[in-house]
Amino acid sequence: MSGALLVVGDIVTDVVARHRGPLASGTDTAAAVRTLPGGAGANVACWAAHWGCEDVRLLGRVGADAAAWHERELIASGVRPRLVVDQEAPTGTVICLVDTGAAAERTFLTDSGASLRLAPDDWSPSLLDGVARVHLSGYLLFSAPSRALVAVVLESARARGVPVSLDPASAGFLTELGVDRFLALAEGVDVLLPSRDEACLLTGLPDPVDAAAKLSRHVPLVVAKQGGDGALVARAGEVQARVPAVPATPRDTTGAGDAFTGAFLAAVLAGAEPEDAAVQGCRAGARAVERVGGRPPTAS
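Nothing here was measured: the structure is a model prediction, and the numbers come from that model.

1. Description of the side chain of T203
Then comes step 1: One can find T203 in helix 6 (residues 196-203).
Then comes step 2: At 3.3 Å, the side chain of T203 and the backbone nitrogen of L205 are in polar contact.
Then comes step 3: In contact with T203, not counting residues within four places along its chain, are A211, K214 and L215.

Now the structure itself:
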């Protein structure tokens, strides 16, 4: 398949604090702190470009405070940014608390800022010119303006026959939104890429295999990311492939799911079947957890 990948989603500034052991309440906890570009949508776009997709475009909204920096970082990663600069709200910021123990698990404190103020007025059907696939960050479903944008994008994509993928993005925010509401908003999506927790939450089933199978009765293709257990590929109510994880030594799991999604989409655009694309996703996820931050390395 020829054509570009258009990602519509969040662009934020990540403040990554890597600490060892539990946080000490009421006093200091030593940590290595870095400020890095992030955002689930932006990360997916960067990983897709890194994984060989030659034309990756990104629509997102940032504050005037950091617009130039984010644009430079995206271009350096091989992404063509279409940034809407918000003159009222600052760029979104996420504080990523990463335990430097064996699992390198992370906790996010999220101020979405300008990122979820992306709205229908920021969209034009011309953004689909030359586009073969659209990917939506699930964070867009967690505010009224960007929910309205999602509906407009889905309508535009359907009119042109462009397939759309969606990553639910956050089990915590999904709980607040509500499962039924999410599934209604996701109607018309061709590919769903949930994490294990998101798949189980969306179905109410404790077993991720059962959850992926059930979701694939609602969405034509479900690729459920399982972290250290690899990935599941499900269609028509049945898990059709179990893809093993690639061994890795985690430093920071921030953005691992985004890396999987970006590489998966790049592989699909290059003509891979979903099962083979999921193999590429697992490879990218393993590479991501061995880096600090949610983005791949850049040439610079």
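From this point, things continue past the structure.
2. Structural notes on the sheet that holds strand 3 (residues 31-38)
Note: strands within a sheet are paired through backbone hydrogen bonds, in either parallel or antiparallel orientation.
Then comes step 1: Spatial strand order, 3-2-6-7: 4 strands in an open sheet with mixed pairing. Edge positions in the sheet fall to strand 3 and strand 7 (106-111), since each of these pairs with one other strand and no more. Averaged over all pairs of adjacent strands, the angle between strand axes in this sheet comes to 20°, irrespective of strand direction.
Then comes step 2: The pairing of strand 2 (residues 12-19) with strand 6 (residues 92-99) spans 8 bridges and is parallel. Across the sheet, D14 pairs through a bridge with V94, a residue of strand 6.

3. Re the packing of helix 8 (residues 256-269) against helix 9 (residues 274-289)
Then comes step 1: Closest axis-to-axis distance for the helix 8/helix 9 pair is 7 Å, and the angle between their directions is 145°. In terms of crossing hand, the pair formed by helix 8 and helix 9 is right-handed. Note on element contacts: helix 9 touches helix 8 through P274, A277, A278, Q280, G281, C282, A284, G285, A288 and V289, opposite A256, A259, F260, A263, F264, A267 and V268.

Analysis parameters
Residues numbered from 1 in each chain as written. Predicted model: local features only at pLDDT ≥ 70, side-chain atom pairs only at ≥ 80, totals over all residues. Heavy atoms only, no water. Helix = DSSP H or I, 4+ residues; strand = E, 2+ residues; numbered from the N terminus. Polar contact = N/O pair within 3.5 Å; in protein donor to acceptor, adjacent residues only side chain to side chain. Contact = heavy atoms within 4.5 Å. Pairing = 2+ DSSP bridges. Axes fitted to C-alpha atoms, helices over the stretch in contact; angles between N-to-C directions. Left-handed = near helix turned anticlockwise from the far one by under 90°.

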